[in-house]
Amino acid sequence: MSNILKNWWKFLGIALIMYVFTMIFMVPMGPGLLSSEVEVNENGIASIEVSAFATHFEHNPKNIKAYLRLEDSGITIECNNIIAQTNSKLSLQFNLPDTVPSSSWDLLINAEKDGTLYLPNALFHEPKTKVEPTDLSFTTGDLSNEQVFEKDLGLHFPYQPRIVESIRNLPLHVPMWFTMFFLMGIGFAQSIRTLRNSNNELSDTKALSSIKVGIFFGVLGLLTGSLWARFTWGAWWVNDPQLNGALVSVMIYSGYLILRSTISDSSQRARLSAVYSLFAFVILMVLLMVLPRFTESLHPGKSGNPAFSKYDLDSSLRMVFYPAVIGWILIGTWMYNLTLRAELLKNKIQSKKEYQ
Amino acid sequence: MVFYLIKHHLKMDMRSFHNVMSLILFALASTYAVLQVLGGKPDPNTWNAIAWVILLFTAFNSASRVLPEDITSVRYYMHWTVPPRTMIVARTTHQSIIMSLLSTLLLFALGLFLGSANMNTLSIYGFLAGMVFTSIALSSTLTLLSALSARAGAGYGLTAVLGLPLIIPIIMISTSFGSDLVAGVEFKNTVQNLYYLGGLSIGIGVYGYVLFPYLWRS
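Residues numbered from 1 in each chain as written. Chains lettered and ligands numbered in written order. Predicted model: local features only at pLDDT ≥ 70, side-chain atom pairs only at ≥ 80, totals over all residues.

**Q** Tell me about the pairing of strand 5 (residues 81–86) of chain A, and name the residues and values.
**A** Sheet faces and side chains relate simply in a regular strand, where the side chains alternate between the two faces. Residue and element names in this part refer to chain A. Summarising burial for strand 5: 0 of the 6 residues are buried, a small minority. Examined bridge by bridge, strand 5 and strand 6 (residues 89–95) share 5 bridges and lie antiparallel to one another. In the sheet register, Ala 84 faces strand 6, and the bridge partner there is Leu 90. What sits between strand 5 and strand 6 in their antiparallel hairpin is a turn of 2 residues. (Buried ≥ 20, exposed ≤ 12 C-beta atoms within 10 Å, placed from the backbone. Helix = DSSP H or I, 4+ residues; strand = E, 2+ residues; numbered from the N terminus. Pairing = 2+ DSSP bridges.)

What follows is the structure in structure tokens.
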């Protein structure tokens with residue numbers, strides 16, 4: 001019993017990770033619009049085929065309403081012919097008079113079960129006669145609050161264009177880096193202690209084991225990130241400052257292990273590798289926290305495209321993301337403890353061998 | 001003391017000039033080899049990449065030179081006569097001076113063999129300033145690393161293995177600075193990269209200053 005009480009944080013870690021995995025695979029996706037195919041015939045009738053994701057168009061299709069809206073102007077056109085082909089396919093027909101301004105239109109669809117769905121730049125219309133619009137009688141004013149509403153859908157992950165289902169990767173990718181930072185931080189602190197007290201073999205071993213586990217989490221972060229890049233950017237690896245920084249920092253810390261293997265004297269090894277690890281930690285900070293902010297990056301969270309804004313992380317994702325961060329850090333700490341014990345035993349065996 | 005040491009290092013360089021000469025030859029020969037490989041003048045972006053890669057390898061070559069104080073007997077003598085922090089300041093400054101001269105020479109060689117990548121005079125001076133700043137940043141990193149690998153008894157191979165990933169932030173800033181210049185961006189609009197490089201070399205220098213005594217004592 002006392003063991004359980006002493007190791008409560010390990011149980012908490014396992015519980016959190018189990019919770020995270022359950023949520024990742026069980027929580028449904030929210031609805032959204034994927035793409036539109038537009039055809040405009042000679043009479044100025046635009047037929048739009050909309051494909052959607054996780055929507056319920058067949059539920060009460062008579063109540064579906066669709067609007068085209070000109071960006072920022074408040075000019076809207078209501079759709080007069082809506083056919084719900086399947087739950088996720090919708091055919092719309094709009095009347096576009098000759099006087100319609102040449103511009104790109106956003107599409108809004110109101111469905112009873114899904115709320116208002118939004119597809120930017122769904123239609124780009126070039127009228128035959130290039131005149132400034134004077135007669136705007138075919139349009140209606142801006143949409144009222146009743147026409148644009150958010151449906152309370154229960155627990156779901158938010159729909160994001162291009163990311164779609166792969167948003168489930170978030171609690172598996174981002175916490176890896178948090179855990180790596182945490183472990184490298186332990187390595188940093190232990191390296192300082194190694195340098196302060198000479199012949200401190202314990203803190204050197206602590207630094208070694210934390211960095212070993214940290215590299216492991218870094219590799220996991222690279223793998224999950226690579227998988228995610230394949231589905232959102234279309235390639236397993238893209239040349240991007242954030243990605244380069246991540247790979248290079250893992251390489252730098254692998255250099256730490258190489259450095260250790262070249263030195264045979266244990267106290268010298270402790271001192272030199274501590275110096276290197278202090279150096280590596282600062283470069284890690286520069287690479288992952290500072291440099292990507294100054295350069296252009298595809299990766300969210302950098303160069304003015306924030307990762308933790310309300311658009312990226314809504315309440316349902318937060319409910320999974322924060323437990324995931326804590327859970328992975330606890331698991332990482334546990335792995336670090338195990339590695340430390342193994343390393344200490346290794347040292348013991350080594351010193352016994354030397355006595356014999 | 002620092003000035004005396006720098007002067008001493010430079011004097012030693014003059015005495016065994018073949019060491020410096022080999023570095024100069026390396027820079028010239030690799031530029032010429034690039035000319036032969038490309039078979040003509042490269043486009044500006046390639047020119048930029050070639051310039052930084054040659055500078056990088058010249059820096060590695062320069063850092064891998066065996067300095068007198070890395071020889072064990074001399075090191076014991078230095079131990080009792082020179083404080084370690086004076087030592088690292090002198091070594092870094094000496095290395096920076098040598099590398100700055102080498103980078104100037106390298107730019108001449110690049111201009112001679114590979115053309116000037118359509119840069120105007122001001123941009124070329126800017127590029128030179130970038131090369132000097134990069135040289136200083138590279139020197140402060142590689143001096144510390146070569147001291148580290150000399151103490152580990154592993155030599156040049158270890159400097160390269162540990163150094164290449166570590167200098168990537170520097171090279172990333174330098175290449176973006178250079179590619180701005182060859183793309184025709186005015187010097188004053190990309191000068192912030194030089195500030196980053198300066199800040200980075202000051203940071204690394206201070207870090208080396210703090211850490212070197214731990215490397216040095218045995």
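**Q** Give a description of the domain arrangement of chain A that names residues and reports values.
**A** The domains assigned to chain A are domain 1 (32–125) and domain 2 (164–355). Centre-to-centre separation of domain 1 of chain A and domain 2 of chain A, based on C-alpha positions: 47 Å. (Domains from an automatic or database assignment.)

**Q** Can you explain the confidence of the model for chain B? Please cite residues and give values.
**A** Residues and elements named next belong to chain B. When pLDDT is averaged along chain B, the result is 87; 99% of the residues meet or exceed 70. When pLDDT is averaged over each helix and strand of chain B, the minimum, 79, is found for helix 4 (residues 72–81) and the maximum, 91, for helix 5 (residues 84–114). Of the two predicted TM-score estimates for the complex, the pTM is 0.84 and the ipTM is 0.84. (pLDDT = per-residue confidence, 0-100.)

**Q** I'd like a rundown of the environment of A:Asn121, residues and numbers included.
**A** As for its placement among the helices and strands, A:Asn121 is situated in strand 8 (residues 115–125). Taking the C-alpha atoms as reference points, A:Asn121 and A:Gln93, separated by 28 residues in sequence, lie 16 Å from one another.

**Q** Please give an account of the sheet that holds strand 2 (residues 45–53) of chain A that cites residues and values.
**A** Residues and elements named next belong to chain A. Pairing is antiparallel in the open sheet, where 4 strands are placed in the order 1-2-6-5. For this open sheet the edge positions go to strand 1 (32–40) and strand 5, each flanked by a neighbour on one side alone. Direction aside, neighbouring strands of the sheet carry axes that sit 20° apart on average. (Axes fitted to C-alpha atoms, helices over the stretch in contact; angles between N-to-C directions.)

**Q** I'd like to hear about the packing of helix 5 of chain B against helix 9 (residues 192–216) of chain B, residue by residue, with values.
**A** Residue and element names in this part refer to chain B. Packing of helix 5 against helix 9 brings their axes to within 8 Å, and their N-to-C directions diverge by 130°. Here helix 9 runs oblique to helix 5, going by the angle between their axes. The handedness of the crossing between helix 5 and helix 9 is right-handed. Packed against helix 5, whose contacting residues are Pro 84, Arg 85, Met 87, Ile 88, Val 89 and Thr 92, the element helix 9 presents Gly 205, Gly 208, Tyr 209, Phe 212, Pro 213 and Trp 216 at the interface. Across the contact of helix 5 with helix 9, the residue classes break down as 8 nonpolar, 3 polar and 1 charged. (Parallel < 35°, antiparallel > 145°, perpendicular 65-115°, else oblique. Left-handed = near helix turned anticlockwise from the far one by under 90°. Contact = placed C-beta atoms within 7 Å. Nonpolar A, V, L, I, M, F, W, Y, C, P; charged D, E, K, R; others polar.)

**Q** So what about the interface of chain B and chain A? Which residues, and what values?
**A** On the side of chain A, 23 residues touch chain B, which itself brings 18 residues to the contact. Secondary-structure elements contributing two or more residues to the side of chain B that touches chain A are helix 6 (121–152), helix 7 (156–166), helix 8 (168–182) and helix 9 of chain B. When its residues are assigned to classes, the side of chain B that touches chain A shows 16 nonpolar, 1 polar and 1 charged.

**Q** I'd like a rundown of the packing of helix 6 of chain B against helix 9 of chain B, residues and numbers included.
**A** Residue and element names in this part refer to chain B. Where helix 6 contacts helix 9, the two axes come as close as 9 Å, and the packing angle between them is 20°. On the basis of the axis angle, helix 6 is roughly parallel to helix 9. Viewed along their axes, helix 6 and helix 9 form a crossing whose handedness is left-handed. For the pair helix 6 and helix 9, contact is made by Ala 129, Gly 130, Phe 133, Thr 134, Ile 136, Ala 137, Ser 140, Thr 141, Leu 144, Ala 147, Leu 148 and Arg 151 and by Leu 194, Leu 197, Gly 198, Leu 200, Ser 201, Ile 204, Gly 205, Gly 208, Phe 212 and Leu 215, respectively.

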